[in-house]
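Survey of secondary and tertiary structure
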Amino acid sequence: MVTRKDSKVDYIILGGGIAGMRAAIELARGGHVLVLTKDELYESSTEYAQGGIAAALSEDDEVTLHLHDTLLAGDGLCREEAVRVLVEEGPRQIHQLIEWGMRFDRNGTKLAFTREGAHSRSRVLHAHGDSTGSEILRALMAKAKSLPTIQLYPRAFATELLVEDGSVLGVTYLDEKTSTPRCTRAGAVLLATGGLGHVYKETTNPSVACGDGVAMAYRAAALISDMEFVQFHPTALFVQGAPRFLLSEALRGEGAQLRNILLERFMPRYHEAAELAPRDVVARAIIREMHKTRSEFVYLDMTSLDAEHVKKRFPRIYATCLNHNIDITADLVPIRPAAHYSMGGVVTDLQGATSLTQLFAAGEVAATGVHGANRLASNSLLEGLVFGARAAAAMLGKHVPKGFPSPPGGTPQAGPYAGATAIPSEPSLADSYQKASEEARAILWDKVGIIRDGKHLSEAVKRLAEIHLQDPHPPTRLDCESCNILDVARLIARCALAREESRGAHYRSDFPLKNEAKPPQHSYVSRGIPVFFD
């Protein structure tokens, strides 16, 4: 990529969600911090997070209970030491947020808590009813803007990591304000690029969630883990022609019920916790009811709840559904699952360090091991907060990462985009990238979805391998996103095919049970290295 003359800063953060902004605030005392966001400043998954942020702060709660609930939801694959960090440091980070002006909902002077699926206590804090992420981001942005060493630079789409001898020295990015490729070097780089839900055709995620950080790290030969574990949120609004708007799990926490198109309540047949069962259980139950009744959706029923309470508690959801002529207090709401969250990502240690020197990761892009095979509801914002701060502290210090598994049979090698055949003729070039990403997203949804099997996974791996794209010249954001989507889709399909068991969010009908012959293992993959387990 041809760029203008290199610039240099102390730290680069890719992403302006909760993990990136919390890290920026921590790094501000160490020098010049450049925060690059691919879209406008507030456009991230954090902005759209509804339900809340979990922490053991209520009078009847304990961090040990939060630890237990997280481990149980993770279905044997959580790193207990990482979960312990999360639940023990979470309350302190929440109090720090409040000191910076975060306005959580309260009952009088006391913090208000709600309960979500697989939590044994009401420990989920929320703001403005169902706009928790937006309020957290407001507070963090206000704090960051008060610190002169932080530079926020929107509409700067990072395309590649600069790597020399296994060390990350900076990034190249497309400055969309000037349509200019640029290069900036730094003492350390933090990936806080968020999730990858947009790799699936049906998703609750904003369109910016293309798995960019995972794709860049993979091409740079970083170690990637647990990509097969994609969480599908059970309740996304199903209206033809409309985005799959998330209907928070907190609705079920408040008493909403699931009914099939015959109006039968079905969750008690699948799990003793009914609507508050773990998300993977609820999502699979919905799919089975859809198949059984030959329907494209089921219903979320809130009609028995107090209407005024619902409107006050969930104002954003109420208003959005009303825009689609659905009154959630009086109507049954058509819903179906959609891709929502990735438990896997770029492997890190407890300080956010990756397998590449001077590259760190935090938030959904990272695989800390906190979520295991299935994320506990409302732990994602907490992970971004806790591990964003920890990664920044490590970047400020002299942290030396260790303990990463060694790939068998070779050493990963950094490389460019997944190239293949020659670049198409100029008139069809842009169209080819868009078609490739649309095809990849459809393949993942159809063959690597909620219920999987070896036949369809093998077909997905083969078909994704047959899609060829070149390194975009000149680069555009949409073309680069298409390349990232294809890279990430391949990783998910390959890892899902390799894991021959059912665990957490990864369910295979041809291997419906856990592999009890050996302890639970994480999957790993790197550039040029087949999937392996450790």
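Cut-offs applied
- Counting restarts for each chain: residues are numbered from 1 in the order of the written sequence.
- With the structure being a predicted model, the display of local features is reserved for residues of pLDDT at least 70 and the display and counting of side-chain atom pairs for 80 or more, all residues being used for whole-chain, interface and lining totals.
- To obtain the side-chain values, all non-hydrogen atoms of the structure were used and water was disregarded.
- Counting from the N terminus, the helices are the DSSP runs of H or I reaching at least four residues and the strands are the DSSP runs of E reaching at least two.
- It is over C-alpha atoms that the radius of gyration is taken, and the globule rule equals 2.2 Å times the number of residues to the power 0.38.
- Buried means the residue's accessible area, taken with a 1.4 Å probe over protein chains only, is under 20% of the maximum for its type, while exposed means over 50%, and partly exposed covers the values in between.
- What makes two residues a contact is simply this: any of their non-hydrogen atoms within 4.5 Å.
- Computed with a 1.4 Å probe, the accessible areas rest on the Shrake-Rupley method; for each residue, only the protein chains presented here act as cover.
- This count recognises Lys and Arg as positive and Asp and Glu as negative, with His and chain-terminal groups excluded.
- By convention, the charge on Lys lies at NZ, on Arg at CZ, on Asp at CG and on Glu at CD.
- DSSP bridges decide pairing: two strands pair if at least two such bridges lie between them.
- Any Lys or Arg side-chain nitrogen located within 4 Å of an Asp or Glu carboxyl oxygen qualifies as a salt bridge.
- To qualify as a nonpolar core, a set must consist of buried Ala, Val, Leu, Ile, Met, Phe, Trp, Tyr and Cys residues joined through side-chain atoms within 4.5 Å.
- Axes here refer to lines fitted to C-alpha atoms; in helices the fit is confined to the stretch in contact. Angles between the N-to-C directions go from 0 to 180 degrees.
- For cavity detection a 1 Å grid was placed over the protein atoms alone, and a set of points counts as a cavity when a 1.4 Å probe fits there but cannot get out; an open set counts as a pocket when protein lies on both sides within 12 Å along at least five of seven lines, with lining residues being those that have an atom within 4 Å of a point.
- Grid points are joined across faces, edges and corners, and a volume is the space filled by probe spheres set on the points.
- Put simply, Ala, Val, Leu, Ile, Met, Phe, Trp, Tyr, Cys and Pro go in the nonpolar bin, Asp, Glu, Lys and Arg in the charged bin, and everything else, Gly too, in the polar bin.
- Polar contacts here mean pairs of N or O atoms no more than 3.5 Å apart (in protein, one a potential hydrogen donor and the other a potential acceptor; neighbouring residues in sequence count only if both atoms are side-chain atoms).
- Confidence scores here are pLDDT values: one per residue, from the predictor, ranging 0 to 100.
- Note that the arc is defined by the directions from the helix axis to the C-beta atoms.

Here we look at the overall build of the chain
Across its full length, the chain holds 14 helices and 21 strands. At 22 Å, the chain has a C-alpha radius of gyration in line with the 24 Å of a compact globule built from 534 residues. When each of the 534 residues of the chain is scored for burial, the buried share is 61%. The long-range fraction of contacts in the chain, counting pairs at least 24 apart against all pairs at least 6 apart in sequence, stands at 73%. By element, 51% of the accessible surface of the chain is carried by carbon and sulfur atoms, the whole surface being about 20,200 Å². One way to put it: in the chain the 59 positive side-chain charges average out to a point 1 Å from where the 64 negative ones average out.

Here we look at the sheet that holds strand 12 (residues 224-225)
In spatial order, the strands read 19-17-12-20-21; together these five strands make up an open sheet with mixed pairing. Two strands bound the open sheet, and with one partner strand each, they are strand 19 (366-367) and strand 21 (529-533). In this structure, strand 17 (residues 345-347) lies alongside strand 19, joined through two bridges in parallel fashion. From the neighbouring strand, Val 347 faces strand 19, where its bridge partner is Ala 367.

Quick look at the pattern of salt bridges
By the definition in use, this model includes 40 salt bridges. For Arg 22, the salt bridge is made with Glu 26, and the minimal N-O distance between the two is 3.1 Å. Taken together, the residues Arg 22 and Glu 26, both in helix 1 (residues 18-27) and four residues apart, mark about one turn of the helix. The pair Arg 22 / Glu 26 is uniform in exposure class, with both members buried.

Re the nonpolar core
Ranked by size, the top nonpolar core spans 93 residues in total, and within it Leu 191, Leu 247 and Ile 492 carry the most contacts. Examining the composition of this core, we find that 10 residues originate from one element, helix 14 (residues 477-498), more than from any other. Look past the residues within four positions of Leu 191 in its chain and what remains in contact with it is Leu 14, Leu 161, Gly 213, Met 216, Ala 217, Val 346, Leu 359, Phe 360, Ala 361, Ala 362 and Val 365. Ranked by size, the runner-up nonpolar core spans 53 residues in total, among them Ala 28, Phe 104, Ile 136 and Ala 394.

Focus: the sheet that holds strand 15 (residues 298-301)
The four strands are arranged 13-16-15-14 in an open sheet whose pairing can be described as antiparallel. Single-partner strands in this sheet number two, and they are strand 13 (230-237) and strand 14 (257-259). Averaged over all neighbouring strand pairs, the angle between strand axes comes to 45 degrees, with direction disregarded. Sheet topology note: the strand 13/strand 16 (residues 333-342) ladder contains six bridges and is antiparallel. What sits directly across from Leu 237, in strand 16, is Ile 335.

Observations regarding the layout of surface pockets
Counted as a void, the second largest pocket has a volume near 430 Å³. At the level of elements, helix 3 (63-73) and helix 8 (279-293) are the ones that each hand at least two residues to the lining of the second largest pocket. Residues belonging to the lining of the second largest pocket are distributed by class as follows: 10 nonpolar, seven polar and seven charged.

So, empty space enclosed by the protein
On inspection of all chains with the given rule, the structure shows three cavities of 30 Å³ or more. A volume near 50 Å³ is recorded for the largest cavity. Taken together, Val 230, Gln 231, Phe 232, Asp 280, Ala 283, Arg 284, Ile 450 and Ala 505 make up the lining of the largest cavity. Of all the secondary-structure elements, those providing two or more residues to the lining of the largest cavity are strand 13 and helix 8. Looking at side-chain class alone, the lining of the largest cavity contains five nonpolar, one polar and two charged residues. Space inside the second largest cavity adds up to approximately 40 Å³.

Things to note about the side chain of Asp 280
Mapped onto the elements of the fold, Asp 280 is located in helix 8. At 2.6 Å, the side chain of Asp 280 forms a polar contact with the side chain of Asn 374. Sequence-distant contacts of Asp 280, defined by excluding residues within four places in its chain, comprise Asn 374, Gly 504 and Ala 505.

Concerning unusual backbone geometry
Phi is positive for Ala 221, close to 80 degrees, though the residue is something other than glycine. As for its placement among the helices and strands, Ala 221 is situated in the loop between helix 6 (212-219) and strand 12. Phi angles above zero are rare outside glycine, and Leu 263 is one such case at about 70 degrees. Its place among the elements puts Leu 263 in the loop between strand 14 and helix 8. Here Leu 263 falls in the partly exposed class, since its relative accessible area comes to 48%.

A few points about the side chain of Ser 502
Of note, Ser 502 is situated in the loop between helix 14 and strand 20 (523-526). Among the polar contacts made by the side chain of Ser 502, one reaches the main-chain amide nitrogen of Arg 508 at a distance of 2.8 Å. There is a polar contact of 2.6 Å between the side chain of Ser 502 and the backbone oxygen of Phe 511. Every residue in contact with Ser 502, bar those within four places of it in the chain, is listed here: Tyr 507, Arg 508, Phe 511, Pro 512, Leu 513 and Lys 514.

Some details on the confidence of the model for the chain
Across the chain, the average pLDDT comes to 92, with 96% of residues at or above 70. Every residue in residues 418-430 scores below 50 in pLDDT, and together they form 17 contacts with partners more than four places removed in sequence or on other chains.

Remarks on helix 3
Considered for burial, the residues of helix 3 that qualify are His 66, Leu 67, Asp 69, Thr 70 and Ala 73. Along the axis of helix 3, the buried positions cluster into a sector of 165 degrees, meaning they face one direction only. Looking at the buried side of helix 3, the elements it contacts are strand 3 (53-54), helix 4 (80-99) and helix 11 (380-396). In the stretch just after helix 3, Asp 75 is the one whose phi turns positive, near 55 degrees.

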